[in-house]
Number of protein chains: 2
Amino acid sequence: MDSFAISNIKSGSNRLWVHFSCLCFVSLYGLYLLYKEYKVILALRIQQLRRVRHRPEQFTVLVREIPFCVEHKARACCVDHFFLKHLPFTYHSYQILYDGKDLEELLRQAKVIAKNIEDLSQGGAGVEKHKREASLLDQSEKDVAKLSLQQEKLEELRLKIQQLQCEHMLKEKELPVAFVTFKSRLDAALVSQSQQHSHPLIWITEMAPEPRDVSWRNLTIPYRILPLCNLVVVLAAAFLTLFFAIPVTAVQGIAKFEKLKKWFPPAMAVQLIPGLRSIVTGYLPSFILNGFIYLVPFAILGMAKLAGCSSKSKEEIKACNMVFYFLVGNVFFLSLISGSLLDEIGEYLSHPRNIPAHLASAVSAQADFFVTYILTNGLLGFSLEILQPGLLSWKAIKSCCRYGRGKEKDPFLFSLPYYRVIPLVALSVLIGMVYAIVAPLLLPFLVGYFCLGYAVYINQIEDVYDTVYETCGQYWPYIHHHILVAVILMQITMIGLFGLKAKPAASISTIPLLILTVLFNEYCKIRFLPTFYNYSIQNAKENDDLDEKNNHLEINIENASSAYCPPCLQPWNFMESVSSSTDPLVSSQDLKINDLSP
Amino acid sequence: MDSFAISNIKSGSNRLWVHFSCLCFVSLYGLYLLYKEYKVILALRIQQLRRVRHRPEQFTVLVREIPFCVEHKARACCVDHFFLKHLPFTYHSYQILYDGKDLEELLRQAKVIAKNIEDLSQGGAGVEKHKREASLLDQSEKDVAKLSLQQEKLEELRLKIQQLQCEHMLKEKELPVAFVTFKSRLDAALVSQSQQHSHPLIWITEMAPEPRDVSWRNLTIPYRILPLCNLVVVLAAAFLTLFFAIPVTAVQGIAKFEKLKKWFPPAMAVQLIPGLRSIVTGYLPSFILNGFIYLVPFAILGMAKLAGCSSKSKEEIKACNMVFYFLVGNVFFLSLISGSLLDEIGEYLSHPRNIPAHLASAVSAQADFFVTYILTNGLLGFSLEILQPGLLSWKAIKSCCRYGRGKEKDPFLFSLPYYRVIPLVALSVLIGMVYAIVAPLLLPFLVGYFCLGYAVYINQIEDVYDTVYETCGQYWPYIHHHILVAVILMQITMIGLFGLKAKPAASISTIPLLILTVLFNEYCKIRFLPTFYNYSIQNAKENDDLDEKNNHLEINIENASSAYCPPCLQPWNFMESVSSSTDPLVSSQDLKINDLSP
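Small disclaimer: the values here were computed from a predicted structure and weren't measured. (Residues numbered from 1 in each chain as written. Chains lettered and ligands numbered in written order. Predicted model: local features only at pLDDT ≥ 70, side-chain atom pairs only at ≥ 80, totals over all residues. Heavy atoms only, no water.)

J.: What am I meant to see in a nonpolar patch on the surface here?
T.: The grouping of A:Leu231, A:Leu235, B:Ile508, B:Ile511, B:Ile515 and B:Leu519 at the surface amounts to a nonpolar patch, some 560 Å² of accessible area in total. For the nonpolar patch, the secondary-structure elements that each account for two or more residues are helix H10 (226–243) of chain A together with helix H22 (504–527) of chain B. At 4 residues, the largest contribution of residues to the nonpolar patch is made by H22(B). Tracing the chain through its elements places B:Leu519 in helix H22. Residue class for B:Leu519 comes out partly exposed when judged on its relative accessible area of 43%. (Patch = residues over 30% accessible without salt bridge, like charges linked within 9 Å, V, L, I, M, F, W, Y side chains within 5 Å. Areas by Shrake-Rupley, 256 points an atom, 1.4 Å probe, with all protein chains shown as cover. Salt bridge = Lys/Arg side-chain N within 4 Å of Asp/Glu carboxyl O. Helix = DSSP H or I, 4+ residues; strand = E, 2+ residues; numbered from the N terminus. Buried < 20%, exposed > 50% of the residue type's maximum accessible area, 1.4 Å probe, protein only.)

See the structure below:
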């Protein structure tokens, strides 16, 4: 296919200008579509913000690095004093967070015991039927002894939890983080966007994430070390991207059939079926590579969790971005080049001028490979997506062991793994963009891939996955960025290709196009990006006015003030069924909030 | 001197570690001092903001890109509607700007004519004494005719100005820029730091500059083209920095004594005095270079004026930064290297790894040159500063021609030319830093230079220059940056020097120090920088409270609402002396402001 394109280019030197105008058309039309799409998604975001205006995050600001009040030996009073002093007419209430690790652990234990008690008091109905029939009396005696033991344990835990949840003990575990609720969206927006203190590293404010989206664990990390965490995560991801090829090649080397026979003699059985051996020998390296690549998004998500983002959605967005760069490095570039990515980057760094030519020759040689890649990996990906083999095998493992068979049904409802899906789609866009002019015959395959993907994911989103957070379109700026990287890569490749074909005029003419693309990106950053991070005053006021018209403002503010209850203080249903003695604890917390709110 | 240092280094390889520990000490102590100084200056800035809290800019926000109200066919009403709707309790009043170029021109003409009339009505006392005595009668007749002609002209102009200043005509010349005054500093600070509209390129807010510091001309430039202006200015400055050596070398080539004799025969006279010829031949190239370098800050300030900054102080800060880089390129680097800066940069770009070694060998060879440079240029600079030859010659030119001898006395009061002084001082710091370890004998000269400079500039600032704007320390972040560049350059030089002396261990050990310096810079950026641009809520509230205690708040707000009167609407004193008919115009403007304020 590429030979078709290249011969085409070779056939007439004037025809190269046809390719150049194609490049211009594809680039400019691409930028136009990107601009239009950004505009549409911005409008949708504003619309969605209006639709979900009852949500507590619109009234709430996350405040970090609250200083310690020496007088009262607490931070909570500090929050109250600060906002009552500076914004007396707009401040509503606050919810400070606590370092509740041990409390959470105790609550978890209590929950397990409560479940055990429930099981035992129901006589273990349905769980140990076959045993029960054999020795009914003996069993019930044992059960009664167990039950009293468990109840004793629960009572002990209850006292411990009660002790820990009292106001005095909580005061010592205060974190310098609080969710502050305001009386209107406008005030929350104003406060979240301004600098509170002349020391910019205390009283840091940002818009609060959704209550269900808050990453409680990360909020315990001091704000000061967050840049360090971030740096470590980025370095780790870069390390993984650069050195990923080394362990994979090593495993591929070990997992050769000859060696397998020596170390794992049952593999000899493969030889019995004629033809199977060659399939194993041929597909094993590819299988190993894809297995590793399948695991990478999970590893990167794990890394992103260490970066200390305040919400799970930000973690996934971060992971999404890192996975994209991983795939560009280890699928796109590694397929193009021979040798490891690191060698190649070293080569590029020492001779930066050779990049386009190098890229162009590699790209035009690998068109067939990417058609195969899109076909096989696309179809494989979609079938994996529909069949959910991971989930199936997980369920199979669970149903085999006793652990999973509790009373609580696991509904198998998960969120769409954006961090796995988006980078793969973005990689396909990138391949399509780079080959759009070099080997346009690749495009029909890609169109088929996208159509199939659309059908698959629309079904999956509507019927299979659950929504666990709502970012109102905050993924888009990243997707836009990925597509722009694709456009820039296409242009660099074409600069190299024109150079290879000894048409320096076309090669030089492409450079303004490249600069235009970069400037377009900068323009989009100042034209659209701020609204994806800030809640503009105008939108906030609009939504406030709508609420006032419907008399919903009071209710929404009340909801917001109680929505950010940290997990260690949240009421548990099992408590009610077992004992009502924990209720006063929870209400004492509520009381505290009401006491301190103005 | 350098040979001293180098022989020192050579004498014992272990002594290189002494140099390394010196480097560590100088770097770390330098960073510590920088940190401490930043902290002190931040505290001074906050103190100064409190001291000047009566200033109108603390209550005022500069709003740009105000949309056009189709209904009322104006922008002014838009400002009022927007802020009354979104911030009804905090908004006070606004002052929209007008494109008053022709109005300003007419006012200038009127001023000139009014002055002429005054001169004539006083009988040209003292101006043409010798003529008057000769033909007194003839003269007075002529004067009367002239006077009536001038008065007619003035009346004509007055009508024209009146016509242009009426509300209807002004409406058509509205610019999308306004100064909006709020009822407290806190509200102004909140609004200036937040995004007003979901389209981030309309309703752009920033803290207003001081009224006397406003660059009225630049506010007429549409905000959308500002990034472009900025880019052009940066490119122009970079172009000047890179290609500055070429015209200078060309002029130096032309201005050789042999050629001068041919083209300008009077130069032969130099030969008559023995010894003068060699002085001219020796000093002419250096004189030409220094003459060019003396003119560069003015040229760069002229460029910075085109960047569209909203205040003159920002223009000068921008110029200051660009001049520093110019001097680093064309004084420091050009002294170190042979050939043009461009060649050298090309060399560096193609072999980036050789930079430190190249730099190190050049630096150690040029220590003597820089001692001479500091001595001659330092002393020359200070004597130029004290004698003010530019101003003296300007006055001499003025007193020769009639133009300058008006009634209005020019008090010869100017602002300290920060854009010329700061880069030179920063360059001296850079030279001192780079040679601190390589050739420490340079340091006493530098200390002498700084002591002398301190004495000179303290005198100049206290007794000679006028304060034309108050930035409350906004120059410091730039000076901090310049010193940090010096520290980094020192470390890079030392990496090269250790490499040259075949001590790779010391060379590699310096790299963590370099990374530490860069990280320190990043830390300072997040720890101190925001407070230099934003007015923090806490400080704003503190100052509001102080004002409320003294009952000054009302007066200050009133002052702020009338302080930002554009020059084309400002009342002129000459008007009063000539005719009082323009007064209603001015008060109609006042009326308009009061009408529209809530």
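Let us keep going from here.
J.: I'm lost on the pattern of salt bridges in this one. Help?
T.: Oppositely charged side chains may form a pair once their charged atoms are brought near each other. On inspection of all chains with the given rule, the structure shows 32 salt bridges over all chains. The residue B:Glu105 makes a salt bridge to B:Arg108 at a minimum N-O spacing of 3.2 Å. With B:Glu105 and B:Arg108 both in helix H4 (residues 101–121) and 3 residues apart, this pair spans about one turn of that helix. By relative accessible area, which is 45% here, B:Arg108 ends up partly exposed. For B:Arg185, the salt bridge is made with B:Asp547, and the minimal N-O distance between the two is 2.8 Å. With B:Arg185 in helix H8 (residues 185–192) and B:Asp547 in helix H24 (residues 537–550), the pair connects residues that are 362 residues apart, well separated along the chain. Here B:Arg185 matches B:Asp547 in class, with each residue buried. Through salt bridges that share partners, A:Arg53, A:Arg185, A:Asp544 and A:Asp547 make up one connected network.

J.: What should I look at first to understand the interface of chain A and chain B in this one?
T.: Often the size quoted for an interface is simply the accessible area lost on bringing the parts together. Facing the 30 residues of chain A at the interface are 29 residues of chain B. The contact between chain A and chain B buries some 2,900 Å² in all, and 61% of this surface belongs to carbon and sulfur atoms. Where chain A packs against chain B, one counts 0 salt bridges. The interface formed by chain A and chain B holds 20 residue pairs in polar contact (both at pLDDT 80 or more) in total. Within the residue set of the side of chain A that touches chain B, elements represented by two or more residues are helix H2 (15–51), helix H3 (76–86), helix H8 (185–192), helix H22 (504–527), helix H23 (529–533) and helix H24 (537–550) of chain A. Here the element with the most residues in the side of chain A that touches chain B is H24(A); it accounts for 5 residues. Its residues assigned to classes, the side of chain A that touches chain B shows 13 nonpolar, 13 polar and 4 charged. (Contact = heavy atoms within 4.5 Å. Buried area = accessible area lost by both parts, 1.4 Å probe. Polar contact = N/O pair within 3.5 Å; in protein donor to acceptor, adjacent residues only side chain to side chain. Nonpolar A, V, L, I, M, F, W, Y, C, P; charged D, E, K, R; others polar.)

J.: Sorry if this is basic, but what is going on with the sheet that holds strand S4 (residues 204–207) of chain B here?
T.: Note on sheets: strands pair through backbone hydrogen bonds, and any given pair is parallel or antiparallel. Residues and elements named next belong to chain B. The strand order across the open sheet formed by 4 strands is S2-S3-S1-S4, and the pairing between neighbours is antiparallel. Strands with a single pairing partner mark the edges of an open sheet, and in this sheet they are strand S2 (91–98) and S4. Taken pair by pair, the neighbouring strands of this sheet meet at an average axis angle of 25°, ignoring direction. Here 4 bridges tie strand S1 (residues 60–64) to S4, and the two strands are oriented antiparallel to one another. Bridge assignment links Leu62 to a residue of S4, and that residue is Glu206. Across the sheet, helix H3 (residues 76–86) is in contact with S1, S2 and strand S3 (174–182); its angle to S2 comes to roughly 155°. (Pairing = 2+ DSSP bridges. Axes fitted to C-alpha atoms, helices over the stretch in contact; angles between N-to-C directions.)

J.: What am I meant to see in the state of the cysteines here?
T.: Disulfides are covalent bonds that link the sulfur atoms of two cysteine residues. Taken as a whole and judged by the stated rule, the model has 0 disulfides over all chains. B:Cys69 provides the cysteine sulfur closest to B:Cys78, a residue in no disulfide bond, and the two sulfurs are 4.9 Å apart. (Disulfide = S-S within 2.5 Å.)

J.: How should the packing of helix H19 (residues 418–438) of chain B against helix H21 (residues 476–500) of chain B be read in this particular structure?
T.: Between two packed helices, the angle of one axis relative to the other and the distance separating the axes together describe the packing. All names here are of chain B. As a packed pair, H19 and H21 sit with axes 9 Å apart at the nearest point and diverge in direction by 25°. Taken together, H19 and H21 sit at an angle that is classed as roughly parallel. As H19 runs across H21, the sense of the crossing is right-handed. Mapping the contact onto sequence places Ile422, Ala426, Val429, Leu430, Met433, Val434, Ile437 and Val438 in H19 and Ile479, His482, Ile483, Val485, Ala486, Val487, Leu489, Met490, Thr493, Met494 and Leu497 in H21. Residues belonging to the contact of H19 with H21 are distributed by class as follows: 17 nonpolar, 2 polar and no charged. (Parallel < 35°, antiparallel > 145°, perpendicular 65-115°, else oblique. Left-handed = near helix turned anticlockwise from the far one by under 90°.)

J.: Where do I start with the confidence of the model for chain A in this structure?
T.: Reading fine detail from the predicted coordinates is not recommended where pLDDT is low. All names here are of chain A. When pLDDT is averaged across chain A, the result is 82; 86% of the residues are at 70 or more. Under a pLDDT of 50 for its full length, residues 1–11 has, in the predicted model, 20 contacts with residues more than four places off or in other chains. Confidence over residues 124–129 falls short of pLDDT 50; this stretch has 5 contacts with residues more than four positions distant or in other chains. (pLDDT = per-residue confidence, 0-100.)

J.: Just to check I follow, could you spell out the environment of A:Glu174 for this structure?
T.: All names here are of chain A. Here Glu174 shows up in strand S3 (residues 174–182). Residue Glu174 is classed as buried on the basis of its relative accessible area, which comes to 12%. When the C-alpha positions of Glu174 and Thr220 are compared, they lie 9.8 Å apart, and in sequence the two are 46 residues distant. If near-sequence neighbours (up to four positions away) are discounted, Glu174 is found in contact with Ala74, Arg75, Ala76, Ile96, Leu97 and Tyr98. Of the polar contacts made by the side chain of Glu174, one reaches the backbone nitrogen of Arg75; its length is 2.6 Å. From its side chain, Glu174 meets the backbone nitrogen of Ala76 in a polar contact 3.4 Å long.

J.: Quick question: what am I supposed to make of the relation of the copies chain A and chain B here?
T.: The operation linking the two copies of the chain is a rotation about an axis combined with a translation along the axis. Note on the copies: chain A fits chain B at an RMSD of 0.1 Å, the axial shift is 0.0 Å, and the rotation between them is 180°. A rotation of that kind, with that shift, is consistent with a two-fold axis. A share of 97% of the interface residues of chain A reappears at the interface of chain B, consistent with the copies meeting face to face through the same patch. (Least-squares fit on C-alpha atoms with pLDDT ≥ 70 in both.)

J.: Got a minute to help me understand unusual backbone geometry in this structure?
T.: Only a minority of non-glycine residues have a phi that is not negative, and only a minority of peptide bonds are not trans. Located in the positive-phi region is A:Lys73, a residue other than glycine, with phi close to 50°. Residue placement: A:Lys73 occurs in the loop between strand S1 (60–64) and H3. Using a relative accessible area of 57% as the deciding quantity, one classes A:Lys73 as exposed. Positive phi outside glycine occurs at B:Cys472, with the angle close to 55°. Within the fold, B:Cys472 resides in the loop between helix H20 (442–464) and H21. For B:Cys472, a relative accessible area of 7% translates into the label buried.

J.: What am I meant to see in the sheet that holds S3(A) here?
T.: All names here are of chain A. Strands sit in the order S2-S3-S1-S4 across an open sheet of 4 strands; the sheet is antiparallel. At either end of the open sheet lies a strand with only one pairing partner, and these are strand S2 (91–98) and strand S4 (204–207). On average, each strand axis in the sheet is inclined to that of its neighbour by 25°, with strand direction left out of account. Where H8 meets the sheet, its contacts fall on S1, S3 and S4, and the angle it forms with S4 comes to roughly 135°.

J.: What is the right way to read empty space enclosed by the protein from this model?
T.: To locate leftover empty space, one rolls a probe as large as a water molecule over the atoms. All names here are of chain B. Tallied over the entire structure, the rule returns 7 cavities of 30 Å³ or more. Empty space within the second largest cavity amounts to approximately 60 Å³. In terms of lining residues, the second largest cavity is bounded by Tyr98, Asp99, Gly100, Leu103, Leu164, Met169, Leu170, Lys173 and Cys568. Looking at the lining of the second largest cavity, its residues break down into 6 nonpolar, 1 polar and 2 charged. (1 Å grid on protein atoms, 1.4 Å probe; cavity = no way out; pocket = protein on both sides within 12 Å on 5 of 7 lines; lining within 4 Å. Points joined across faces, edges and corners; volume = space filled by probe spheres on them.)

J.: I tried to follow the environment of A:Val464 on my own but got confused; where do I start?
T.: Residues and elements named next belong to chain A. Mapped onto the elements, Val464 comes out in helix H20 (residues 442–464). Its relative accessible area of 31% is what places Val464 among the partly exposed residues. Along the chain, Val464 and Leu416 lie 48 residues apart, while their C-alpha atoms are 8.7 Å from each other.

J.: Explanation requested: the packing of aromatic side chains in the structure shown.
T.: Each aromatic ring pair is summarised here by two numbers: the centre-to-centre distance and the angle between the ring planes. This model, assessed by the stated rule, comprises 68 aromatic pairs over all chains. Residues B:Tyr38 and B:Trp476 carry aromatic rings whose centres are separated by 6.2 Å and whose planes lie at 85° to one another, so their mutual orientation is edge-to-face. Placement of the pair is B:Tyr38 in helix H2 (residues 15–51) and B:Trp476 in helix H21, with a sequence separation of 438 residues. No difference in accessibility class separates B:Tyr38 from B:Trp476, as the two residues are buried. Each member of the aromatic cluster is reached from another via a ring pair, and the members are A:Tyr35, A:Tyr38, A:Trp476, A:Tyr523, A:Phe528 and A:Phe532. (Phe/Tyr/Trp six-rings, centres within 6.5 Å; stacked < 30°, edge-to-face > 60°.)

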